[in-house]
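Architecture and fold: a report
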Amino acid sequence: MNTTLQYKLHSGKNSKAGYYIVAGLRDMLPDCCFCQRLEDELRRCAAKYDTDYIADRVDYYCQLREPVKLGADAEPIGLLQRKGNPSTYYYDSREALQWFNPELRWHYLFGDVREIPSEPTVVKSRAIGIDNTNSVMLKLDRCRHFVYINDHLQPEQKEDRAIFRGHIGTRENRALFCRIYADNPRVDAADTIPGATEGRKHTSQMKPMLSFYEHLRYRYIMALEGNDVASNLKWIMSSHSAAVMPKPTCETWFMEGRLQPGVHYVEIRPDFADLEEKMDYYSCHLDELRTIIANANQYVQQFRDWRRERYIALLVMQKYFKMTNQ
């Protein structure tokens, strides 16, 4: 078996084939099958789940506080087409939208988004630390981002080293990290895609992609932001390795803005200069590191109840339509 095929079969990523089969079959059902059941579904879930917890998350994702009228260019949700849109974004948004009247209107931006829209808009990601009121988040591109992993090694059984594998491209933070640590014996840092950054040099050596499971032999796994968030953060926080990163600047449905340094992850400076210092500290204080990892594992658990996640998404869209005077 060649290396590429072996990686694809044992990478630890979610099955795209399974995702598309389920999503495609659901999308084939008439919307009326869902619209007629919306109120019953909301009542059942309201009786089952913690009201305060649900309301808190809904308000986090949709921070609209005052009614606002959408511009004339807002589209009916029933006109959303798979053609011309990334398939996973289409299917993930449809899972929430098909429960509502197709004549209701919205704005949406698919892809890696940091800028704040001028009108209330459904997005996958948004910047942290600025007024995000117009950025309304749904759980989009979840097949790629929301991956969980079973880790049978305890922190003390892992190598006292850090690892970064990822596409550098035009991401200056990743290029800087690899320039600093490419030859450091405590850190396994490498770019995985050759020739991705035309005209710009960095000193990191090229190495093959590693499966998520191969990462688990390291005690520390770098979660470095890409175009928006670090897409590996979710599965790292479900493992028994520690996520290591600067304070996040972007967030998704995972609510990265609520993660606390020293509680859910090991925080390092944006210039990465204190990485070894932090590794030395936590490797000498493994009880503290185990607590961080346990907190991270617990944080991840809240996203694993698929029905509750759908319920929250329905309430987010319901609030969006209500706050846009529909």
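Notes on the structure follow. Predicted model, so just to flag it, every value in this text is computed and none were measured. (Residues numbered from 1 in each chain as written. Predicted model: local features only at pLDDT ≥ 70, side-chain atom pairs only at ≥ 80, totals over all residues. Heavy atoms only, no water.)

This next bit is on the layout of surface pockets. Estimated volume of the second largest pocket: approximately 680 Å³. As for the second largest pocket, its lining consists of 27 residues, and the residues nearest its centre are Glu95, Lys139, Arg142, Trp306 and Glu309. Listing elements by their share of the lining of the second largest pocket, those giving two or more residues are helix H2 (16–28), helix H6 (87–97), helix H7 (142–145) and helix H13 (306–323). Take the lining of the second largest pocket: its biggest share by element is five residues, from H2. Here the residues of the lining of the second largest pocket are counted per class, giving 15 nonpolar, two polar and 10 charged. (1 Å grid on protein atoms, 1.4 Å probe; cavity = no way out; pocket = protein on both sides within 12 Å on 5 of 7 lines; lining within 4 Å. Points joined across faces, edges and corners; volume = space filled by probe spheres on them. Helix = DSSP H or I, 4+ residues; strand = E, 2+ residues; numbered from the N terminus. Nonpolar A, V, L, I, M, F, W, Y, C, P; charged D, E, K, R; others polar.)

Before going further, it helps to spend a moment on the sheet that holds strand S3 (residues 108–109). Spatial strand order, S3-S4-S6: three strands in an open sheet with parallel pairing. In this open sheet, the two edge strands, each paired with only one partner strand, are S3 and strand S6 (135–137). Two elements, strand S4 (residues 121–123) and S6, share three bridges in a ladder whose sense is parallel. The partner of Thr121 across the bridge, within S6, is Ser135. (Pairing = 2+ DSSP bridges.)

Moving on: a nonpolar patch on the surface. A cluster of nonpolar side chains, namely Ile21, Val22, Leu25 and Met28, defines an oily patch on the protein surface of about 450 Å² accessible area. Tracing the sequence through the fold places Leu25 in helix H2. On the accessibility criterion, Leu25 (53% relative accessible area) is exposed. (Patch = residues over 30% accessible without salt bridge, like charges linked within 9 Å, V, L, I, M, F, W, Y side chains within 5 Å. Areas by Shrake-Rupley, 256 points an atom, 1.4 Å probe, with all protein chains shown as cover. Salt bridge = Lys/Arg side-chain N within 4 Å of Asp/Glu carboxyl O. Buried < 20%, exposed > 50% of the residue type's maximum accessible area, 1.4 Å probe, protein only.)

Now for the environment of Val229. Mapped onto the elements of the fold, Val229 is located in the loop between strand S9 (218–222) and helix H10 (233–237). For Val229, a relative accessible area of 4% translates into the label buried. Between the C-alpha atoms of Val229 and Arg114, which are 115 residues apart in sequence, the distance is 9.6 Å. Once residues lying within four places of it in the same chain are set aside, the contact partners of Val229 are His145, Lys234, Cys250, Glu251, Thr252 and Glu256. (Contact = heavy atoms within 4.5 Å.)

Taken as a whole, this structure holds 22 aromatic pairs when the rule is applied. The interplanar angle of 65° and the centroid separation of 5.2 Å between the aromatic rings of Tyr90 and Tyr91 together place this pair among those described as edge-to-face. For Tyr90, a relative accessible area of 7% corresponds to the buried category. Between the NZ or CZ atom of Arg126 and the centre of the ring of Tyr60, over which it lies, the distance is 5.3 Å. (Phe/Tyr/Trp six-rings, centres within 6.5 Å; stacked < 30°, edge-to-face > 60°. Lys NZ or Arg CZ within 6 Å of the ring centre and 35° of its normal.)

Attention shifts here to the pairing of strand S8 (residues 187–191). For S8, the tally of buried residues reaches five of five residues, placing the bulk of the element in the interior. Side chains of S8 alternate between two faces, with Val187, Ala189 and Asp191 and Asp188 and Ala190 buried alike. The pairing of strand S7 (residues 159–166) with S8 spans five bridges and is parallel. Paired with Ala162 across the two strands is Val187, which belongs to S8. Handedness of the β-α-β unit built from S7, helix H8 (residues 172–181) and S8 comes out right-handed. (Right-handed = clockwise from strand over helix to strand, strands pointing away.)

The next thing to look at is the packing of helix H11 (residues 275–284) against helix H12 (residues 286–301). Between two packed helices, both the angle of their axes relative to each other and the distance between the axes serve to describe the pair. Two elements in contact, H11 and H12, have axes separated by 5 Å at closest approach and are oriented at 100°. Taken as axis vectors, H11 and H12 run roughly perpendicular relative to one another. Mapping the contact onto sequence places Tyr281, Tyr282, Ser283 and Cys284 in H11 and Leu286, Glu288, Leu289 and Ile292 in H12. Among the residues forming the contact of H11 with H12, the class breakdown is six nonpolar, one polar and one charged. (Axes fitted to C-alpha atoms, helices over the stretch in contact; angles between N-to-C directions. Parallel < 35°, antiparallel > 145°, perpendicular 65-115°, else oblique.)

The next point concerns the pattern of salt bridges. The final tally for this structure, using the stated rule, is 29 salt bridges. Between Arg44 and Glu41 there is a salt bridge, with the nearest N and O atoms lying 3.1 Å from each other. Of the two residues, Arg44 and Glu41 are both situated in helix H4 (residues 38–48); the distance of three residues between them amounts to about one turn of the helix. Since its relative accessible area comes to 42%, Arg44 is described here as partly exposed. Note that Glu225 and Arg114 form a salt bridge whose closest N and O atoms lie 3.3 Å from each other. Linking Glu225 in the loop between S9 and H10 with Arg114 in the loop between S3 and S4, this pair joins segments that are 111 residues apart in sequence.

Here the focus is the pairing of S9. Burial within S9 is extensive, with five of its five residues counted as buried. Taken together, the three bridges between S7 and S9 define a ladder with parallel strand orientation. For Ala162, the partnering residue across the bridge sits in S9 and is Tyr220. Two strands pair when backbone bridges link them, and S9 and strand S10 (residues 242–245) are joined in this way by three bridges, in the parallel orientation. Across the sheet, residue Met222 finds its bridge partner in S10, namely Val244.

Geometric values such as these leave the question of function open.
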